[in-house]
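# Inside the fold
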Amino acid sequence: MVDVLRVAGLCKSFGVIRVADDLDFKLALGECLGVIGPNGAGKSSVLNLIVGLIRADAGSISLDGRDITHVPAHRRARLGIGRAFQIPQPFPHLTAYENVLVAATYGGGLHGSAAADWAMDVLGRTSLAVKADRIAGALPLIDRKSLEFAKALASKPRLILLDEIAAGLTEPEVERLIEIIAGVKADHAMIWIEHIPHALRAVADRILVLNFGRKVLEGPPGEVMDSRTVKEIYMGLTADDAA
Amino acid sequence: MKGIAISYAVTAALLVAGPWLLGEGGLRFATECLLILAMAQMWNLLAGYAGLVSFGHQVFVGIGAYGLFLISDTLDLSPYWVLPIAPLACAVVASVIALPLFRLREAYFSIAMWVFSEIVAALVTKAAWLGGSAGLPLRSSRLLDLDWFEPVLFWIAGGLALGTIGGLFLLMRSGFGLGLMSVRDNDLAAMSVGVDVQRNRFIVFVLSAAGCGLAGAVSFLGNLYVSPAAAFDVNWVVYMMFIVMIGGIGTLEGPIIGTVIFFGLRELITDQLGYSAGWYLVALGTVAVIVMLWSPRGLWPPLRDRFGLKLLGVGRTAPTAPDVPPLAGKVGQLG
Ligand SMILES: Nc1ncnc2c1ncn2[C@@H]1O[C@H](COP(=O)(O)OP(=O)(O)O)[C@@H](O)[C@H]1O
Ligand SMILES: [Mg+2]
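This structure is a prediction, so every number in the text was calculated from the model and none was measured. (Residues numbered from 1 in each chain as written. Chains lettered and ligands numbered in written order. Predicted model: local features only at pLDDT ≥ 70, side-chain atom pairs only at ≥ 80, totals over all residues. Heavy atoms only, no water.)

## Here we look at the coordination of the magnesium ion (ligand 2)
Residue and element names in this part refer to chain A. Coordination of the magnesium ion (ligand 2) by the protein comes from Ser44 (OG) and Gln86 (OE1), over a distance range of 2.0 to 2.2 Å. With serine 44 in helix H1 (residues 43-51) and glutamine 86 in the loop between strand S6 (81-84) and helix H3 (96-106), this pair connects stretches of sequence that are 42 residues apart. By relative accessible area, serine 44 is classed as partly exposed at 22%. (Donors = N, O, S within 2.8 Å, 3.2 Å for Na, K, Ca; no water. Helix = DSSP H or I, 4+ residues; strand = E, 2+ residues; numbered from the N terminus. Buried < 20%, exposed > 50% of the residue type's maximum accessible area, 1.4 Å probe, protein only.)

What follows is the structure in structure tokens.
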């Protein structure tokens with residue numbers, strides 16, 4: 001079977017800052033790759049490279065065996081990449097329903113009632129159905145986070161990229177989010193950047209540790225979390241939990 | 001939706017009856033208002049929905065006007081029949097300049113548009129076959145029935161204003177419009193869910209240019225005379241910007257409110273109070289600053305939100321009023 005995502009030799013620097021340094025990893029359908037690493041390690045930038053918001057200096061990215069390294073962002077979304085931003089990026093003057101409808105229409109390629117039904121389906125799965133007609137800009141943080149996930153899901157992706165989607169939420173909210181994410185895991189490949197250990201342990205199949213844009217470790221969650229390397233990198237970095 | 005259709009029909013009927021309801025001066029004034037309203041809507045389409053703030057939209061007014069005069073005189077055809085040339089010419093010019101211009105972002109695009117307009121104006125001024133700086137009279141005007149000239153112009157202007165508003169309304173309710181509004185709100189997020197932002201910008205730029213060109217052509221048709229100084233006057237875009245900014249950028253209602261204020265103020269200051277046009281510009285600037293300080297997105301959004309108004313609602317409501325779905329209430333309360 002072809003991997004959904006395959007990243008090979010990916011490099012990117014902003015001046016002297018390296019956000020991707022010869023990165024290699026791959027991801028199959030139904031698999032979730034957890035990504036951890038200190039702030040500024042380049043985690044969000046790697047997602048930006050995968051979705052095409054920034055261009056790689058070197059290396060290649062392929063989706064379902066197709067090289068997308070030079071494909072523009074909107075086409076990648078249509079090909080099957082959905083992304084939830086670390087800082088929620090709603091369409092503030094549109095309703096929650098319309099937000100999701102944009103993704104269903106453009107990313108998902110649906111029209112008319114098919115788009116509307118799918119949008120409502122996604123809102124239902126992400127606990128936003130009751131707020132469907134609320135203006136997105138006025139939603140509280142948990143709902144804006146859920147809406148990020150809903151927009152990603154609504155574009156009918158093969159690959160879902162989640163960037164610190166649980167950060168800043170209360171424990172019960174985190175639990176609920178884990179449930180939602182676990183619920184769609186089987187049908188997608190997924191990358192989940194998160195600092196909350198138990199959340200990653202619950203969903204991720206593997207964890208990749210990123211530091212200065214380099215992969216320092218990749219392996220089963222328990223093994224990686226308990227490794228010395230991670231403890232050293234994270235030593236004194238508990239403040240990351242709030243980031 | 002029904003209410004909108006009815007008010008649209010009533011407005012259309014009023015426009016048809018206009019020439020009998022308004023005096024000669026009133027008719028001219030109304031024609032001017034309607035044309036500026038159409039231009040402002042076109043500028044708003046580009047700035048409000050595609051994030052492209054043009055300082056050079058007067059170039060399309062000028063190209064539309066010159067296109068009309070030139071073709072009408074050359075072919076000796078009634079200017080009414082030649083009017084479609086104006087938007088066409090502007091659409092062609094816009095699609096050609098879009099390529100280099102879209103490489104520029106933000107203020108650079110704005111200024112490049114202005115520079116482009118100035119270049120075209122300078123070329124026209126130098127072109128003897130276009131009448132140079134003296135301009136062109138509309139020789140084909142002898143083909144016009146001058147008794148009906150003012151009413152027909154009013155009807156064209158009315159049709160144009162109503163047509164742009166109706167057209168934009170339908171556009172915003174379409175799938176394409178949904179994409180436009182998503183780009184207006186957040187272009188990065190729009191790209192990330194599959195909206196082709198550059199393509200949207202291109203289409204909107206061409207539409208906006210075409211609409212402005214048509215309005216400009218009608219405006220100079222009314223004068224039966226066009227000169228580069230008047231046609232490429234930067235004031236055109238200043239008026240469009242003022243109207244959109246104070247009325248409400250990125251809304252369909254905003255430019256309507258803006259137009260009312262713009263001309264209301266002009267009549268009040270130059271006509272009722274008898275001050276000079278200079279004072280009128282001072283008043284415009286003052287009003288603009290006050291509005292911007294109070295509400296950066298113009299008058300309409302806060303009014304709409306405060307009083308729950310819906311004039312030209314382009315929003316989509318969710319298909320089923322859903323019952324409380326599983327677990328949603330629980331999480332919602334925690335937020
Ligand atoms: N577009 C950009 N231009 C310049 N520097 C950037 C850009 N995006 C990110 N950076 C820098 O790259 C580094 C990594 O950022 P980021 O990928 O957001 O890290 P993380 O998500 O791991 O916290 C940071 O130092 C950040 O300032
Ligand atoms: Mg980050």
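## Considerations on the site of ligand 1
All names here are of chain A. Close to ligand 1 lie Phe14, Ile17, Val19, Pro38, Asn39, Gly40, Ala41, Gly42, Lys43, Ser44 and Ser45. Contacts to ligand 1 include glycine 40, whose backbone N or O atom sits 2.8 Å from an oxygen atom. With respect to ligand 1, the side chain of serine 44 contributes an N or O atom lying 2.8 Å from an oxygen atom. Coverage of ligand 1 by the protein amounts to 61% of the 560 Å² it exposes when considered alone. Elements with a contribution of two residues or more to the shell around ligand 1: strand S2 (17-27) and H1. Among the elements that make up the shell around ligand 1, the one with the highest residue count is H1 (three residues). Classifying every residue of the shell around ligand 1 gives five nonpolar, five polar and one charged. (Near = heavy atom within 4 Å. Polar contact = N/O pair within 3.5 Å; in protein donor to acceptor, adjacent residues only side chain to side chain. Areas by Shrake-Rupley, 256 points an atom, 1.4 Å probe, with all protein chains shown as cover. Nonpolar A, V, L, I, M, F, W, Y, C, P; charged D, E, K, R; others polar.)

## Concerning the packing of H3(A) against helix H5 (residues 141-154) of chain A
A pair of packed helices is characterised by two quantities: the angle between their axes and the separation of those axes. Residue and element names in this part refer to chain A. Running from amino to carboxyl end, H3 crosses H5 at an angle of 30°, the nearest separation of the two axes being 7 Å. As judged from the angle between their axes, H3 and H5 are roughly parallel. In this structure, H3 crosses over H5, and the sense of that crossing is right-handed. On the side of H3, the interface is formed by Ala96, Asn99, Val100, Ala103 and Ala104, while H5 contributes Leu147, Ala150, Lys151 and Ala154. By residue class, the composition of the contact of H3 with H5 is seven nonpolar, one polar and one charged. (Axes fitted to C-alpha atoms, helices over the stretch in contact; angles between N-to-C directions. Parallel < 35°, antiparallel > 145°, perpendicular 65-115°, else oblique. Left-handed = near helix turned anticlockwise from the far one by under 90°. Contact = heavy atoms within 4.5 Å.)

## Concerning unusual backbone geometry
Residue and element names in this part refer to chain A. Within the chain, aspartate 22 stands out as a residue other than glycine whose phi angle is a positive 55°. Its place among the elements puts aspartate 22 in strand S2. Using a relative accessible area of 44% as the deciding quantity, one classes aspartate 22 as partly exposed. For lysine 156, which is not glycine, the phi torsion reads 50° and is therefore positive. With respect to the helices and strands, the residue lysine 156 is situated in the loop between H5 and strand S7 (159-163).

## Considerations on the pairing of strand S4 (residues 58-63) of chain A
Residues and elements named next belong to chain A. The pairing of strand S1 (residues 5-14) with S4 spans five bridges and is antiparallel. Directly across from leucine 5, in S4, lies its bridge partner leucine 63. In this structure, S4 lies alongside strand S5 (residues 66-67), joined through two bridges in antiparallel fashion. The partner of leucine 63 across the bridge, within S5, is arginine 66. Where S4 folds back onto S5 in an antiparallel hairpin, the turn is made up of two residues, including aspartate 64, whose phi is positive at roughly 50°. (Pairing = 2+ DSSP bridges.)

## So, the pattern of salt bridges
Tallying each qualifying case throughout the model produces 24 salt bridges over all chains. Note that Arg158(A) and Asp64(A) form a salt bridge whose closest N and O atoms lie 2.8 Å from each other. Linking Arg158(A) in the loop between H5 and S7 with Asp64(A) in the loop between S4 and S5, this pair joins segments that are 94 residues apart in sequence. With a relative accessible area of 30%, Arg158(A) lands in the partly exposed category. Two residues, Asp185(B) and Arg184(B), come together in a salt bridge whose shortest N-O distance is 2.9 Å. (Salt bridge = Lys/Arg side-chain N within 4 Å of Asp/Glu carboxyl O.)

## Thoughts on the environment of Tyr280(B)
Residue and element names in this part refer to chain B. With respect to the helices and strands, the residue tyrosine 280 is situated in helix H14 (residues 277-294). Among the residues examined, tyrosine 280 registers a relative accessible area of 4% and is labelled buried. Separated by 17 residues in sequence, tyrosine 280 and phenylalanine 263 have C-alpha atoms that sit 10 Å apart. Every residue in contact with tyrosine 280, bar those within four places of it in the chain, is listed here: Phe262, Leu265, Arg266, Ile269 and Thr270.

## A few points about the nonpolar core
Among the nonpolar cores identified, the biggest contains 164 residues, and Trp192(A), Phe60(B) and Phe205(B) are the most heavily contacted of them. Among the elements that make up this core, the one with the highest residue count is helix H2 (residues 24-50) of chain B (17 residues). Residues contacting Phe205(B), with those up to four places away along its chain left out, are Leu46(B), Phe60(B), Ala94(B), Ile97(B), Ala98(B), Leu101(B), Phe102(B), Phe109(B) and Met113(B). Core analysis: the next-biggest nonpolar cluster, separate from the first, contains 28 residues, Ala20(A), Ile54(A), Ile61(A) and Leu210(A) among them. (Core = buried A, V, L, I, M, F, W, Y, C linked by side-chain atoms within 4.5 Å.)

## Some thoughts on the pairing of S7(A)
All names here are of chain A. Buried residues dominate S7, accounting for five of its five residues. The side-chain alternation of S7 yields two buried faces, one formed by Leu159, Leu161 and Asp163 and the other by Ile160 and Leu162. Note that S6 and S7 share four bridges and pair parallel. Paired with alanine 84 across the bridge in S7 is leucine 162. Here five bridges tie S7 to strand S8 (residues 189-193), and the two strands are oriented parallel to one another. Counted as the bridge partner of leucine 161 is isoleucine 191 from S8. Taken together, S7, helix H6 (residues 171-185) and S8 constitute a β-α-β crossover, and its handedness is right-handed. (Right-handed = clockwise from strand over helix to strand, strands pointing away.)

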